[in-house]
Amino acid sequence: MNIVANWSYPTAVKMGRGRIKELADACKTLGIKKPLLVTDRGLASMAITAHALDILAEAGLGRAIFADVDPNPNEKNLEAGVKAFKDGGHDGVVAFGGGSGLDLGKAVAFMAGQTRPVWDFEDIGDWWTRASTDGIAPIVAVPTTAGTGSEVGRASVITNSETHVKKIIFHPKFLPGVVICDPDLTVGMPKAITAGTGMDAFAHCLEAYCSPFFHPMSQGIALEGMRLVKEFLPRAYKDGTDIEARTNMMAAAAMGAVAFQKGLGAIHSLSHPIGAVYNTHHGMTNAVVMPPVLRFNRAAIEEQIERAAAYLGISGGFDGFYAYVLSLRSELGVPENLTAMGIGPDRIDELTAMAIEDPSCGGNPVPMTLENTRQLFLECF
């Protein structure tokens, strides 16, 4: 079954096989004449990246790439990216890759127009209004994984290299003008990355669904996103060339990012500090801490989870849903706990303090304190 669709929600999305060939047209639609393709080091030498650069070059748009991007991008990567953008006289960004390439590409396009430091635009109150909108470059986003949904997001996660704290940088103009979701680009993903990114999409949908804030639109999107993951992630994991599964996982990833406008919770406020301190894979870390967080939130979400379980075709209410999460994790080879990831509890006080400071903390159904968060961390070992 070949799925092809054009969506205009929350931005222009070109979904379907082979649509990477529309990359040059997407640039031209946004008035980009000299794009800088921003990706991570791992993708820089891969065939899919070379193909994207070929498409740009053949259309007379040059062949410029910046790939000095860490798995958890930081302000040093960002400064180097902005310098490359300005030195090359570029007028737009093709953000290409998984979460790190997409986040850094979006941040480069944004910071190209700013004189203030990036930390002045953290997602706090209306800090985003400090930005000068004049020099923000247009962005085409091309995801090569199905997880973060950063391609349809209005923020980037940038790690402070000195404090190792992940900061969410927000501005409405972070939202790419055109997104190309071509499932062929995800076919070569290693199994562990398929699992980790897929569980990231699931965590986004699950936490958005359980968040206590009022946002029925996101609620509905989160529920269907969970259903797509349930149906298609095991298939994509088992057979990386299953294009129907790959396409639906790209949709689920975008849905998770749209849905979490409603809020995230303890899964993310725990995994952000772990990722920043230990450099773990974000989606895989989410999957590891998910069961303890479900137990932690049970009293506040039991009724909601019962409704979700019914929609997902899972019997047994909350207990049935919890058992499903455990079985999905084991099917995808997710480590049992943080200990199995090679992390010890020696820095638990530091992690707890960071988790309480994380912006995701405020969207958790059960209010998080230093005491109950420290206890929750202990349950993850």
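This structure is a prediction, so every number in the text was calculated from the model and none was measured.

Engineer: Lay out the sheet that holds strand E2 (residues 12–15) in plain terms, naming residues and giving numbers.
Structural biologist: Strand pairing in a sheet takes place through backbone hydrogen bonds and is either antiparallel or parallel in direction. Spatial ordering of the open sheet is given by E1-E2-E9-E6-E5-E3-E4, a layout of seven strands whose pairing is mixed. Unpaired on one side and paired on the other, strand E1 (5–8) and strand E4 (64–66) mark the two borders of the sheet. Averaged over all pairs of adjacent strands, the angle between strand axes in this sheet comes to 20 degrees, irrespective of strand direction. Relative to strand E6 (residues 139–143), strand E5 (residues 92–97) runs parallel, the two sharing five bridges. Residue valine 94 lies in a different strand from E6, and its bridge partner there is valine 140. Across the sheet, helix H4 (residues 75–87) is in contact with strand E3 (35–38), E4 and E5; its angle to E4 comes to roughly 165 degrees. Strands E3, E4, E5 and E6 of the sheet are contacted by helix H5 (residues 99–111), whose axis makes an angle of about 170 degrees with E5.

Engineer: Lay out the nonpolar core with the relevant residues and their values.
Structural biologist: Residues Phe202, Leu206, Met226, Leu270, Met290, Leu294 and Phe321 are the most contacted members of the largest nonpolar core, which totals 105 residues. Looking at which element gives the most residues to this core, the answer is helix H10 (residues 282–311), with twelve residues. If sequence neighbours within four positions are ignored, leucine 206 has contacts with Met226, Ile267, Met290, Leu294, Ile305 and Phe321. Listed in part, the 19 residues of the second largest apolar core include Ala52, Ile55, Leu56 and Ile180.

Engineer: Explain the pairing of strand E8 (residues 166–170) to me, and be specific about the residues and the numbers.
Structural biologist: The buried fraction of E8 amounts to four of the five residues, a majority that puts the element mostly inside the structure. One ladder, built from five bridges, connects strand E7 (residues 155–159) with E8; its direction is antiparallel. When the sheet's bridge partners are listed, isoleucine 158 is paired in E8 with lysine 167.

Engineer: Any chance you could break down the pattern of salt bridges for me, citing the residues and the numbers?
Structural biologist: Applying the stated rule across the entire model yields 18 salt bridges. Arginine 235 is the partner of aspartate 242 in a salt bridge, and the nearest nitrogen-oxygen pair spans 2.9 Å. Classification of aspartate 242 by relative accessible area gives buried; the value is 16%. Here arginine 235 ties to glutamate 244 by a salt bridge, and the two come within 3.1 Å at their closest N and O atoms. The exposure class assigned to glutamate 244 is partly exposed, which follows from its relative accessible area of 22%. A network of salt bridges, in which partner residues are shared, links Arg41, Asp68 and Asp70.

Thresholds, definitions, all that
- Residues numbered from 1 in each chain as written.
- Predicted model: local features only at pLDDT ≥ 70, side-chain atom pairs only at ≥ 80, totals over all residues.
- Heavy atoms only, no water.
- Pairing = 2+ DSSP bridges.
- Helix = DSSP H or I, 4+ residues; strand = E, 2+ residues; numbered from the N terminus.
- Axes fitted to C-alpha atoms, helices over the stretch in contact; angles between N-to-C directions.
- Contact = heavy atoms within 4.5 Å.
- Core = buried A, V, L, I, M, F, W, Y, C linked by side-chain atoms within 4.5 Å.
- Buried < 20%, exposed > 50% of the residue type's maximum accessible area, 1.4 Å probe, protein only.
- Salt bridge = Lys/Arg side-chain N within 4 Å of Asp/Glu carboxyl O.

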